[in-house]
Amino acid sequence: MPEQEGPGTERRLHILDDEEIEALSGRPCFSADDRAEHFSLEPDELKLLRSVRGVSPHVAFLLQLGYFKAKQLFFPVCFEEVAEDVAYLLARYFPQIPRTCLRSPNKRTVLRQHHMLLAHFGYRRCGAKERAQLAQRAIQVAAFNSKPVYVFRELLQYLTEQRILAPGYTMLQDMVGT
């Protein structure tokens, strides 16, 4: 069913409700067990961490690593927004470092860490070539079943199988609508 944002604006299909969108693309909210699982380090991940310099970049890297393991997505690094996760990481990996010593990493550092994690997990960004392939896949799927939620879920499955970082919900929503 199309939704409209105001007179004269583009129409978009309503595929998922707000809760489903949040579950799909929102930052993970970890329990204590989730933190132990997602913030644990394999030997090759420990090597990656050692290539990062400074406590703040270390914590940012660990956050991104854990969130990527959980959702195969990246999220903005804002230590204040994820205080419980930061407290866990400091207690586990840097017990002598007070929270007040952390500074948000710069954009270049964050992007370098994204690149490291994509390479580590064998993923790639969804660039123009990948979007064209995804659009072609949407056409194939819609020929079989044109229900928007079915096409949407099949595109997510395709992205996972191809190890492509999922674009934003709106881009997928527009692709399914087309």
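Look above for the structure.
Notes on the structure in this doc start here. All figures in this text were calculated on a predicted structure; none of them were measured in a lab. (Residues numbered from 1 in each chain as written. Predicted model: local features only at pLDDT ≥ 70, side-chain atom pairs only at ≥ 80, totals over all residues. Heavy atoms only, no water.)

Overview of helix α6 (residues 107–121)
Logical step 1: With 15 residues, α6 extends 21 Å from end C-alpha to end C-alpha; this agrees with the ideal 21 Å at 1.5 Å per step.
Logical step 2: Taken as a whole, α6 has its buried residues at Thr109, Val110, Gln113, His114, Met116, Leu117, Leu118 and Phe121.
Logical step 3: If you follow the buried residues of α6, they end up packed against α3 (43–50) and α4 (55–71).
Logical step 4: Looking at where α6 begins, the residue whose side-chain oxygen comes 3.1 Å from the main-chain nitrogen of Arg108 is Asn106.
Logical step 5: One or two steps after α6, the chain reaches Gly122, where phi turns positive at roughly 75°. (Helix = DSSP H or I, 4+ residues; strand = E, 2+ residues; numbered from the N terminus. Expected span 1.5 Å × (residues − 1). Buried < 20%, exposed > 50% of the residue type's maximum accessible area, 1.4 Å probe, protein only. Contact = heavy atoms within 4.5 Å. Polar contact = N/O pair within 3.5 Å; in protein donor to acceptor, adjacent residues only side chain to side chain.)

So, the packing of helix α8 (residues 148–162) against helix α9 (residues 169–177)
Logical step 1: At their nearest, the axes of α8 and α9 sit 10 Å apart, and the two run at 125° to each other. In terms of axis orientation, α8 runs oblique to α9. Relative to α9, the crossing made by α8 is right-handed. Side by side, α8 and α9 meet where Pro148, Val151, Phe152, Leu155, Leu156 and Leu159 of the first sit next to Tyr169, Leu172, Met175 and Val176 of the second.
Logical step 2: Grouping the constituent residues of the contact of α8 with α9 by class yields 10 nonpolar, no polar and no charged. (Axes fitted to C-alpha atoms, helices over the stretch in contact; angles between N-to-C directions. Parallel < 35°, antiparallel > 145°, perpendicular 65-115°, else oblique. Left-handed = near helix turned anticlockwise from the far one by under 90°. Nonpolar A, V, L, I, M, F, W, Y, C, P; charged D, E, K, R; others polar.)

Observations concerning the environment of Gln113
Logical step 1: Among the structural elements, Gln113 can be located in helix α6.
Logical step 2: Excluding residues within four positions of it along the chain, Gln113 makes contact with Val52, Pro57, Ala60, Phe61 and Gln64.
Logical step 3: In this structure the side chain of Gln113 is engaged in a polar contact, spanning 2.6 Å, whose partner is the side chain of Gln64.

Fair warning: the whole summary comes from geometry, so function is off the table for now.
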